[in-house]
Amino acid sequence: MLLIDGKKIAAEIKAEIAAQTAAIAAKGGKVPHLAAVLVGHDGGSETYVAHKIKDCAEVGFRSSLVRFDDDVSEERLLAEVARLNDDSDVDGFIVQLPLPEHISEQKVIAAINPRKDVDGFHPENIGRMVAGLPAFLPATPYGITELIRRYRIPTAGRSCVVLGRSNIVGRPVSILMSQKEMNATVTVAHSRTKDIEQLCKSADIIIAALGHPGFVRANMVKDGAAIIDVGTTRVADPAAKNGWRLKGDVDFDAVAPKCAWITPVPGGVGPMTRVALLKNTLLAVSKNEI
Ligand code: GUN
């Protein structure tokens, strides 16, 4: 069994991005600037955004954070999106999800200039990705495919079961895995799928993105399979310093001995997701490329 070290690969990619950024700066070029919009004080969202800001500093990007209370109006948030669209110093920006119930996420995402949509959530970027055109790819699916590439996990003609159909992970990764570069035969499974155990057992590759800790058990995994665990649920852990730890969608201890490759949680997909956003931001500076 080979443990997929997302932390190490992410550090390598980050070093590449930092070198490219330093070269741009040395030539007097535009240093990438990522902005993040955060509404409210959700614990997970606060952590994600803090990481994004820290990552920017580490590779030499500029960053800015725009915060709103969770009673901000949709109109005010849309006005901020319009301001960021028009700010030529900002190369790319994200609006951290989820948003409070009274705000339409679809409306906010649709208002983002697709050329600044470094999350790859705008319908134009989703459409371009589906059509196989250059696009900002959503961070987690991009991170997953990059791990598969760098570890040379065979995908052509292999069966790939994606657990979960979210707009952020399951659905887009299923599309990337079925496209010509990866050439996998993909099945998307979800809460209404029948006989999910048997389906998983037949898979050469399982990408688990359900948000259901420990869902994939040893009896659901074929010997020699590749397992990508996207789950990051906080579970209570009195021994941990915050009182919780992250748990993946895979029962790691039982499954790991059976498979050929597996991602740990934490330290697998998570660091790659973070680095993907940096890659997209760098790409956003040379907007003509997309
Ligand atoms: N919430 C969970 N994941 C993400 C992400 O990748 N981008 C944004 N904007 N919000 C999220």
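The residue numbers shown here count from 1 along each chain, following its written sequence. The predicted origin of the model limits local features to residues at a pLDDT of at least 70 and limits the giving and counting of side-chain atom pairs to 80 or more, whereas totals for whole chains, interfaces and linings rest on all residues. With hydrogens and water excluded, all non-hydrogen atoms of the structure serve as input to the side-chain values.

**Some details on the environment of Asn125**
Argument step 1. By the criteria applied, helices consist of DSSP H or I runs no shorter than four residues and strands consist of E runs no shorter than two, each listed in order from the N terminus. Following the sequence through the fold, Asn125 ends up in helix α5 (residues 123–130).
Argument step 2. You can call Asn125 buried: its relative accessible area is 1%.
Argument step 3. Between the C-alpha atom of Asn125 and that of Pro138, which follows or precedes it by 13 residues, the distance is 8.9 Å.
Argument step 4. Only 3.1 Å separates the side chain of Asn125 from the backbone oxygen of Pro114, close enough to count as a polar contact. Three labels apply to residues, based on accessible area from a 1.4 Å probe with only protein chains included: buried if under 20% of the type maximum, exposed if over 50%, partly exposed otherwise in between. Identification of polar contacts relies on pairs of N or O atoms within 3.5 Å, with a donor-acceptor requirement for protein atoms, meaning one able to donate a hydrogen and the other able to accept it, and with residues adjacent in sequence counted only if both atoms are side-chain atoms.

**Some details on the layout of surface pockets**
Argument step 1. Considered as a void within the structure, the second largest pocket measures approximately 460 Å³ in volume.
Argument step 2. Cavity: a set of points on a 1 Å grid over the protein atoms alone where a 1.4 Å probe fits but cannot get out. Pocket: an open set with protein on both sides within 12 Å along at least five of seven lines, its lining residues, like those of a cavity, having an atom within 4 Å of a point. For the second largest pocket, the lining is made up of 22 residues, of which Pro134, Ala135, Leu137, Tyr142 and Leu283 are closest to its centre.
Argument step 3. For the lining of the second largest pocket, the secondary structure elements donating two or more residues are α1 (6–26), α6 (139–150) and α10 (269–285).
Argument step 4. If you tally residues by element for the lining of the second largest pocket, the top one is α10, at 4 residues.
Argument step 5. Note that Gly is not counted as nonpolar here; it falls among the polar residues with everything else outside the nonpolar set of Ala, Val, Leu, Ile, Met, Phe, Trp, Tyr, Cys and Pro and the charged set of Asp, Glu, Lys and Arg. By residue class, the composition of the lining of the second largest pocket is 12 nonpolar, 6 polar and 4 charged. Grid points are joined across faces, edges and corners, and a volume is the space filled by probe spheres set on the points.

**Here's the deal with the nonpolar core**
Argument step 1. One finds Ile144, Met177, Ile207, Ile228 and Val230 to be the most contacted residues of the largest nonpolar core, which totals 41 residues.
Argument step 2. It is α10 that provides the largest number of residues to this core, a total of 7 residues. Only buried residues count toward a nonpolar core. Its members are Ala, Val, Leu, Ile, Met, Phe, Trp, Tyr and Cys residues joined through side-chain atoms within 4.5 Å.

**Some thoughts on the sheet that holds strand β4 (residues 92–95)**
Neighbouring strands of a sheet are bound in pairs by backbone hydrogen bonds; such pairs are parallel or else antiparallel.
Argument step 1. If DSSP finds at least two bridges between two strands, the strands pair. As summarised here, the arrangement of the 3 strands in space is β3-β2-β4, forming an open sheet in which the pairing is parallel. Two strands in the sheet have a free side with no partner beyond their single neighbour: β3 (62–68) and β4. Taking the axes of each pair of neighbouring strands and ignoring which way they run, one obtains an average angle of 15° across the sheet.
Argument step 2. Of the strand pairs in this sheet, strand β2 (residues 33–39) and β4 are connected by 4 bridges, and their pairing is parallel. Within β4, the residue paired with Val37 across the bridge is Val95.
Argument step 3. Sheet strands touched by helix α2 (residues 43–59): β2, β3 and β4. Its angle to β3, the strand with the most contacts, is close to 160°. Working convention: axes come from line fits to C-alpha atoms, limited for helices to the stretch in contact. Angles between N-to-C directions cover 0 to 180 degrees. For this analysis, residues touch if any pair of their heavy atoms sits within 4.5 Å.

**Digging into the environment of Val37**
Argument step 1. Among the secondary structure elements, Val37 is positioned in strand β2.
Argument step 2. You can call Val37 buried: its relative accessible area is 1%.
Argument step 3. Separated by 43 residues in sequence, Val37 and Glu80 place their C-alpha atoms 8.7 Å apart.
Argument step 4. Among residues more than four places away in sequence, those in contact with Val37 are Val66, Phe68, Leu77, Leu84, Ile94, Val95 and Gln96.

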